[in-house]
Amino acid sequence: MRRCIALVIPARLSEPVTATAQDVRHGTLEALYGPLDCIVSGDWQVYLRADSDNHHNNLRATQLLRETGLYLPEVAGTAIYLGRAEHGTDTDAPAHLIRLAERLFDTRLPAAELV
């Protein structure tokens with residue numbers, strides 16, 4: 001098992017944003033969230049639904065992407081943010097990204113202290 005702190009932003013506004021340790025092997029993530037595409041930006045990456053048809057738009061993930069300077073069309077489904085190490089290895093979501101999510105969504109994510 002490969003565990004990292006992942007910033008998870010569900011599409012449904014009734015579900016909380018979390019930053020918790022979870023198994024981040026690609027097969028495990030796809031088993032949990034369905035087929036995924038990856039967008040890389042500097043020291044982080046986000047996994048998004050590859051087949052966004054019939055999934056709720058993820059307004060919070062879209063907002064976070066825009067705040068980081070990525071202007072993409074609406075994204076759908078759950079978004080999973082992780083850090084990116086040398087050679088493309090997944091690592092803990094960067095603390096600066098978790099703190100930005102805390103400010104944007106007016107929430108406290110205890111994992112930010114661990115990163």
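Note that the structure is a prediction, hence the values are computed from the model and not measured.

Parameters at a glance
Residues numbered from 1 in each chain as written. Predicted model: local features only at pLDDT ≥ 70, side-chain atom pairs only at ≥ 80, totals over all residues. Heavy atoms only, no water. Helix = DSSP H or I, 4+ residues; strand = E, 2+ residues; numbered from the N terminus. Buried < 20%, exposed > 50% of the residue type's maximum accessible area, 1.4 Å probe, protein only. Contact = heavy atoms within 4.5 Å. Areas by Shrake-Rupley, 256 points an atom, 1.4 Å probe, with all protein chains shown as cover. Lys, Arg positive; Asp, Glu negative; His and termini not counted. Charge placed at Lys NZ, Arg CZ, Asp CG, Glu CD. Axes fitted to C-alpha atoms, helices over the stretch in contact; angles between N-to-C directions. Parallel < 35°, antiparallel > 145°, perpendicular 65-115°, else oblique. Left-handed = near helix turned anticlockwise from the far one by under 90°. Nonpolar A, V, L, I, M, F, W, Y, C, P; charged D, E, K, R; others polar. pLDDT = per-residue confidence, 0-100.

1. Considering the overall build of the protein
Thinking step 1. Across its full length, the protein holds 3 helices and 6 strands.
Thinking step 2. Helices and strands in the protein line up, N terminus first, as β-β-α-β-β-α-β-β-α.
Thinking step 3. Dimensions of the protein, computed from the C-alpha atoms along their principal axes, are close to 35 × 30 × 25 Å.
Thinking step 4. Residues counted as buried form 45% of the 115 residues belonging to the protein.
Thinking step 5. For the protein, contacts bridging at least 24 residues in sequence account for 51% of all contacts bridging at least 6.
Thinking step 6. Surface accessibility of the protein: about 6100 Å² in total, with carbon and sulfur atoms responsible for 49%.
Thinking step 7. Taking the 11 positively charged and 15 negatively charged side chains of the protein as two groups, their mean positions are separated by 3 Å.

2. As for the packing of helix α2 (residues 59-67) against helix α3 (residues 95-105)
Thinking step 1. For the pair α2 and α3, the least separation of the axes is 11 Å and the interaxial angle reads 120°. Classified by the angle their axes make, α2 and α3 are oblique. The handedness of the crossing between α2 and α3 comes out as right-handed. For the pair α2 and α3, contact is made by Arg-60, Gln-63, Leu-64 and Glu-67 and by Leu-97, Leu-100, Ala-101, Leu-104 and Phe-105, respectively.
Thinking step 2. Class assignment of the residues belonging to the contact of α2 with α3 gives a composition of 6 nonpolar, 1 polar and 2 charged.

3. Some thoughts on the environment of Ala-61
Thinking step 1. Take Ala-61: it is sitting in helix α2.
Thinking step 2. In sequence terms Ala-61 and Glu-15 are 46 residues apart; their C-alpha atoms lie 13 Å from each other.
Thinking step 3. Excluding residues within four positions of it along the chain, Ala-61 makes contact with Ile-9, Val-75, Ala-79 and Tyr-81.

4. Some words on the confidence of the model for the protein
Thinking step 1. Per-chain confidence: the protein averages 88 in pLDDT, with 93% of residues scoring 70 or above.
Thinking step 2. Within the protein, no element has a lower average pLDDT than strand β3 (residues 36-41), which sits at 90, and none a higher one than strand β5 (residues 79-84), at 95.

5. Some thoughts on the environment of Ile-5
Thinking step 1. Relative to the helices and strands, Ile-5 is located in strand β1 (residues 3-9).
Thinking step 2. Distance from Ile-5 to Asp-92, taken between C-alpha atoms, is 4.5 Å for residues 87 residues apart in sequence.

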